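Tertiary structure, described
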Amino acid sequence: NLLGDASLAPDTSKVTLQGEAAGTKLTGALNFQTAASPVLKGNLALNHLDVQSLLSLLLGPQQTPKRGDLWSDAKFLAGAAQLPDLALAITAEKLALSPAQTAGNASFNLDLSGDRLALSQAKMAYNGGTLGGNLTLRRAAANVSLSADAVFSGLDLSSLLLSGKADGQLSF
């Protein structure tokens, strides 16, 4: 059940959404600008979101790794080529970082343009502390480059079989 209001104009269409789609509760306000470079802008609030679904916008569906491997050696499949550019402010009560790791109260900006996907100004509760930062993926045919910076504070290290809490920064 997804309800919404829409206003349509030659250059810009606006939609407000509220309800549930594919098992996810959401609210949002979106503007679709149909100028020379179409772009979908706005904000979405979701009760849960999986990072893998965001990465698949650029990298295509996740490839299953061989038994015992952490990463598949298969080539990346085509991403969502038919999407307009995206500029969305997203919040999620729960953000699945991996099948075993979930963050809470996440917020970030999602920008997708051509062969570039960026998650910027990310903030979330994670492992008893906070985690934030920026991540950019760029795709060139079958190759992908990644740059990221992260700031973390008060992270509980017990899930890594260590004791204590950690604060710090990481860039790559």
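That block above? That's the structure.
Given the structure is predicted, the values throughout are model-derived calculations rather than measurements.

Okay, the overall build of the protein chain next. Looking only at helices and strands, the protein chain features one helix and ten strands. Taken from the N to the C terminus, the helices and strands of the protein chain come in the order β-β-β-β-α-β-β-β-β-β-β. Taken over 172 residues, the protein chain has a buried fraction of 28%. Contacts spanning at least 24 positions in sequence make up 31% of the contacts within the protein chain whose residues lie at least 6 apart. Only carbon and sulfur atoms are counted for the fraction: they give 56% of the accessible area of the protein chain, which is about 10900 Å².

Moving on to the sheet that holds strand 4 (residues 39-50). Strand order across the open sheet formed by ten strands is 1-2-3-4-5-6-7-8-9-10, with mixed pairing between neighbours. The open sheet has two edge strands with one neighbour each: strand 1 (2-8) and strand 10 (165-171). Across the sheet, the axes of successive neighbouring strands diverge by a mean angle of 10°, strand direction being ignored. With seven bridges joining them, strand 6 (residues 102-113) and strand 7 (residues 116-126) adopt antiparallel strand pairing. Counted as the bridge partner of S113 is R116 from strand 7.

This brings us to the side chain of N47. On the secondary structure map, N47 appears in strand 4. The contact partners of N47, leaving out residues within four places of it in the chain, are T24, K25, E93 and K94.

Moving on to the nonpolar core. Residues L49, I90, L95, F108, L110 and L117 are the most contacted members of the largest nonpolar core, which totals 28 residues. Of all elements in the fold, only strand 3 (24-33), strand 4, helix 1 (51-59), strand 5 (85-96), strand 6 and strand 7 reach the threshold of two or more residues within this core. If one sorts the elements of this core by residue count, helix 1 sits on top with six residues. When residues no more than four places from it in sequence are discounted, the contact partners of L49 are L54, I90, A92, K94, L95, A96 and F108.

To continue, consider helix 1. Listing the buried residues of helix 1 in full gives V51, L54, L55, L57, L58 and L59. Along the axis of helix 1, the buried residues cluster in a sector spanning 165°; they form a single face. Buried positions along helix 1 lie against strand 4, strand 5, strand 6, strand 7, strand 8 (129-140) and strand 9 (143-156). For helix 1, the N-terminal capping position is held by D50, with its side-chain oxygen 2.8 Å away from the main-chain nitrogen of Q52. Just past helix 1, the residue G60 takes up positive phi, approximately 80°.

What follows is about the environment of T102. Following the sequence through the fold, T102 ends up in strand 6. Spatially, the C-alpha atom of T102 lies 7.3 Å from that of Y126, the residues being 24 residues apart in sequence. Every residue in contact with T102, bar those within four places of it in the chain, is listed here: K94, L95, A96, L97 and Y126.

Taken together, the side chains of L146, L170 and F172 define a hydrophobic patch exposed on the protein surface, amounting to about 300 Å² of accessible area. By secondary structure assignment, the location of L146 is in strand 9. Residue classification places L146 among the partly exposed positions, given a relative accessible area of 42%.

Let us now look at the pairing of strand 5. Looking along a regular strand, one sees side chains alternate from face to face of the sheet. The pairing of strand 4 with strand 5 spans eleven bridges and is parallel. Bridging from a neighbouring strand, G42 pairs with L88 of strand 5. Sheet topology places strand 5 next to strand 6; ten bridges connect them, and they run antiparallel. What sits directly across from I90, in strand 6, is F108. Following strand 5, the chain reverses through five residues before pairing antiparallel with strand 6.

Reading the values: the criteria
Each chain carries its own residue numbering, running from 1 in the written order of its sequence. For this predicted model, a pLDDT threshold of at least 70 governs which residues receive local features, and a threshold of 80 or more governs which side-chain atom pairs are given and counted, while totals over whole chains, interfaces and linings are taken from all residues. Just so you know, side-chain values use all the structure's heavy atoms and leave hydrogens and water out. The numbering of helices and of strands both runs from the N terminus, where a helix is a DSSP run of H or I of at least 4 residues and a strand a run of E of at least 2. Think of it in three bands: residues with accessible area under 20% of the maximum for their type are buried, residues over 50% are exposed, and the middle band is partly exposed, with areas taken using a 1.4 Å probe on protein chains only. The contact criterion used is simple: two residues touch if any of their non-hydrogen atoms lie within 4.5 Å. Methods summary: accessible areas were calculated by the Shrake-Rupley approach with a probe of 1.4 Å, and residue burial reflects only the protein chains presented. Any two strands between which DSSP finds at least two bridges are classified as paired. For helices, the fitted axis covers only the stretch in contact; all axes are lines through C-alpha atoms, and the angles between them, taken along N-to-C directions, range from 0 to 180 degrees. By nonpolar core we mean a set of buried residues, namely Ala, Val, Leu, Ile, Met, Phe, Trp, Tyr and Cys, connected to one another through side-chain atoms within 4.5 Å. Throughout, the arc means that of the directions going from the helix axis to the C-beta atoms. Between N or O atoms, a polar contact is any pair within 3.5 Å; within protein, one atom must be a potential hydrogen donor and the other a potential acceptor, and residues adjacent in sequence are included only when both atoms are from side chains. Two distance rules govern patches: like charges are joined within 9 Å, and nonpolar side chains (Val, Leu, Ile, Met, Phe, Trp, Tyr) within 5 Å, applied only to residues with over 30% relative accessible area and no salt bridge. By convention in these notes, a salt bridge is any Lys or Arg side-chain nitrogen within 4 Å of a carboxyl oxygen on Asp or Glu.

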